[in-house]
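# Coordinate inspection notes
Listed below, chain by chain, are the residues.
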Amino acid sequence: MNDEISTRKKDWQRKPGLSEQGPRLTSSGIPVEPLYCPRDDETSYYAAKLGLPGTPPYTRGIHPTMYRGKLWTMRQYAGFGDALETNKRLKLLLEHGQTGLSIAFDLPTQMGYDSDNPIAAGEVGRVGVAIDSLEDMQILFDGIPLDKVSTSMTINATAPMILAMYVACAEKQGVPAKKLAGTVQNDILKEYVARGTYIFPPEESLRLTIDLFSFCQKEMPLWNMISVSGYHIREAGATAVQELAFTFGDAIAYLEAARRAGLDIDRISQRISFFFACHNDFFEEISKFRAARRIWFTIMKKRFGAQDESSKLRFHTQTGGSTLTRQQAEINIVRVALQALAAVLGGTQSLHTNSFDEAISLPSELAVRVALRTQQILAEETGIASVVDPAGGSYYVEALTDEIEKQVMEYLEKIDAIGGMLRAIETGFVQREIHKSAYAAQKAIETGEKTIVGVNKFKMEEEEKVRFKPPEASEKSQIERLNAFKKSRNEASAKESLAELKKAIGKKQNPIPQMVSAVKAGVTLGEMRDVLSSAFGEYKGQAFL
């Protein structure tokens, strides 16, 4: 900034009313100045820190033309009840213009329990689709050509088993694994700090994650072998800075484990994607995504010596589920639209927009359609897809981008000092940091320091909302289908396949090829889980206060 501008800014800051105002902060606690002006080192800064879209350090986007060349993938998350009901919802979304599939699984499936397990009672099909066998997977994708769509599957502890079912299902359609495109989340480390759907101890879980890497590198070259998820970390109460820091901490741990396993980091990194949340602090979210690309480029170059092409951050975004309110649920449409706008201005590669009634129940068809139409309006009517990085060059956005980058790097240094992300999780460092942030945010809402429209300000009396939920018969029909499936299979082949799976695990071989063979032989998800549990044990978790 030249002397004249600097002097004029100081004079401006002395104007009545400005000096008396208290500090404003972003949701991560970053101070916000009332005005941002050009930097002293403007020319060198833009060359080193921004560059051009499609060129290192990718602050302005990973593709030269961004949405002028290809729109982001509209990938709405769906799944409830049994496979037949979810198949109908997926087809509905495709008919309305969705361009990619994203599958939600119920809790028993996420935890590896068959629907007839007593532990699963009351949870079958409640927060996602129930998948017990290859038959369920075939019903789920009936009439959906898997060589024509990309599929994202939010599954972690049982990711290898679900991927094995997907591969076998595709082969039944005549589609070889090498032609399949999509993503399996496979991000088990964040489960120990944010969601809790883990089964095995961390080290054994990490082994399975890397086994899936290896299998995909050999058999599924178009498949993203992991989607490292900041979304669930943010939804657990982390700030925007913590979301990036802990997500990248997990990603570093995965790549280091892959390198120890002898995998090619440049090849692996080109099939790693990320999954972030987008909350309400509009400019902070835009800046977070821009900072994320630059941070990942730095990590890949400095820590792993990766090539430029392998240092691009590709990510999916979902609008913030925890920001939705039960009160005056219809105004969630506005929240989702603004969050989606921030994600697009931040350069996301794919996007899920939440349905306005999700704080009440499973999304209704009306709410799902409104959510998808929100993306379509952004793409077709606003003109934001016509310009690459339209927020770039904003003094405020660039300053926030720099500050977020700085704070994330400081967190990563702390994690390194602890001994890496696995150690940071085992000692409870990550959990405590998230808990502190979640508590502070909730306290600010309850004291009125932070306004949530319709909750602690602008409230009104409301009638009880109508809830959408899976048909009551879903759980019963799912169990009946599972029992019929077990009776119809060749029991000897199923037992032989399970024995082969057990043998592969005992020899520390990659078990996924045996899993594919097992599901073809009629082995269920729960039966594979039992084999792995007997070998690895189960993790009971710890409380960190």
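Reference entry: report on the structure contained in this document. (Residues numbered from 1 in each chain as written. Predicted model: local features only at pLDDT ≥ 70, side-chain atom pairs only at ≥ 80, totals over all residues. Heavy atoms only, no water.)

Let us look at the overall build of the chain. Along the chain, the regular secondary structure elements total 20 helices and 12 strands. The globule rule puts the C-alpha radius of gyration for 545 residues at 24 Å, and the 24 Å found for the chain is close to it. C-alpha extents for the chain along the principal axes are approximately 85 × 60 × 50 Å. When the 545 residues of the chain are sorted by exposure, 56% land in the buried category. Long-range contacts, defined here as pairs at least 24 residues apart, represent 79% of the contacts in the chain between residues at least 6 apart. As displayed, the chain offers around 23200 Å² of accessible surface, 52% of which is attributable to carbon and sulfur atoms. (Helix = DSSP H or I, 4+ residues; strand = E, 2+ residues; numbered from the N terminus. Rg over C-alpha atoms; globule rule 2.2 N^0.38 Å. Buried < 20%, exposed > 50% of the residue type's maximum accessible area, 1.4 Å probe, protein only. Contact = heavy atoms within 4.5 Å. Areas by Shrake-Rupley, 256 points an atom, 1.4 Å probe, with all protein chains shown as cover.)

With that settled, consider the sheet that holds strand β8 (residues 223–224). Pairing between the strands of a sheet is mediated by backbone hydrogen bonds and can be parallel or antiparallel. A sheet is described by the order of its strands in space; here five strands give the open sequence β4-β5-β6-β7-β8, paired in parallel fashion. Since the sheet does not close on itself, it has two edges, and those belong to β4 (77–78) and β8, each with one partner. With three bridges connecting them, strand β6 (residues 151–154) and strand β7 (residues 182–184) associate as parallel partners. Bridging from a neighbouring strand, M153 pairs with V184 of β7. Lying over the sheet, helix α6 (residues 159–172) contacts β6, β7 and β8, oriented at roughly 150 degrees with respect to β6. (Pairing = 2+ DSSP bridges. Axes fitted to C-alpha atoms, helices over the stretch in contact; angles between N-to-C directions.)

This paragraph deals with the pairing of strand β10 (residues 272–278). Of all seven residues in β10, seven are buried; the element is thus mostly enclosed. Where strand β9 (residues 226–229) meets β10, four bridges bridge the pair, whose relative direction is parallel. Residue pairing for β10: I226 is matched across the bridge by I272. Across five bridges, β10 lies against strand β11 (residues 315–319) in parallel orientation. In the sheet register, F275 faces β11, and the bridge partner there is H316. Regarding the hand of the β-α-β motif, the stretch spanning β10, helix α11 (residues 282–304) and β11 is right-handed. (Right-handed = clockwise from strand over helix to strand, strands pointing away.)

Moving on, we get to helix α20 (residues 525–536). Residues three or four positions apart in an α-helix share a direction because the helix packs 3.6 residues into each turn. When the terminal C-alpha atoms of α20 are compared, their 16 Å separation across 12 residues agrees well with the 16 Å that a helix rising 1.5 Å per residue should span. Among the 12 residues of α20, nine are classified as buried, and the element is accordingly described as predominantly covered. Residues of α20 that are buried: L525, G526, E527, M528, R529, V531, L532, S533 and F536. Along its buried surface, α20 packs onto α4 (107–111), α6, α7 (202–219), α18 (491–506) and α19 (512–520). Positive backbone phi, at 80 degrees, marks G537, one or two positions downstream of α20. (Expected span 1.5 Å × (residues − 1).)

Residue placement: S227 occurs in strand β9. Each C-alpha atom, one on S227 and one on A251, is 9.3 Å from the other, the two residues being 24 residues apart in sequence. Ignoring sequence-local partners within four residues, the contact set of S227 consists of T183, V184, Q185, D187, S273, F274 and F275.

Summarising the element assignment, T197 is placed in the loop between β7 and α7. Judged by relative accessible area, T197 falls into the buried class, the value being 5%. Only 2.4 Å separates the side chain of T197 from the side chain of E191, close enough to count as a polar contact. A polar contact of 3.2 Å, which involves the side chain of T197, links it to the side chain of R195. Among all residues touching T197, those that are not within four sequence positions of it are L107, Q110, M111, A157, I188 and E191. (Polar contact = N/O pair within 3.5 Å; in protein donor to acceptor, adjacent residues only side chain to side chain.)

None of this, on its own, says anything about what the molecule does.
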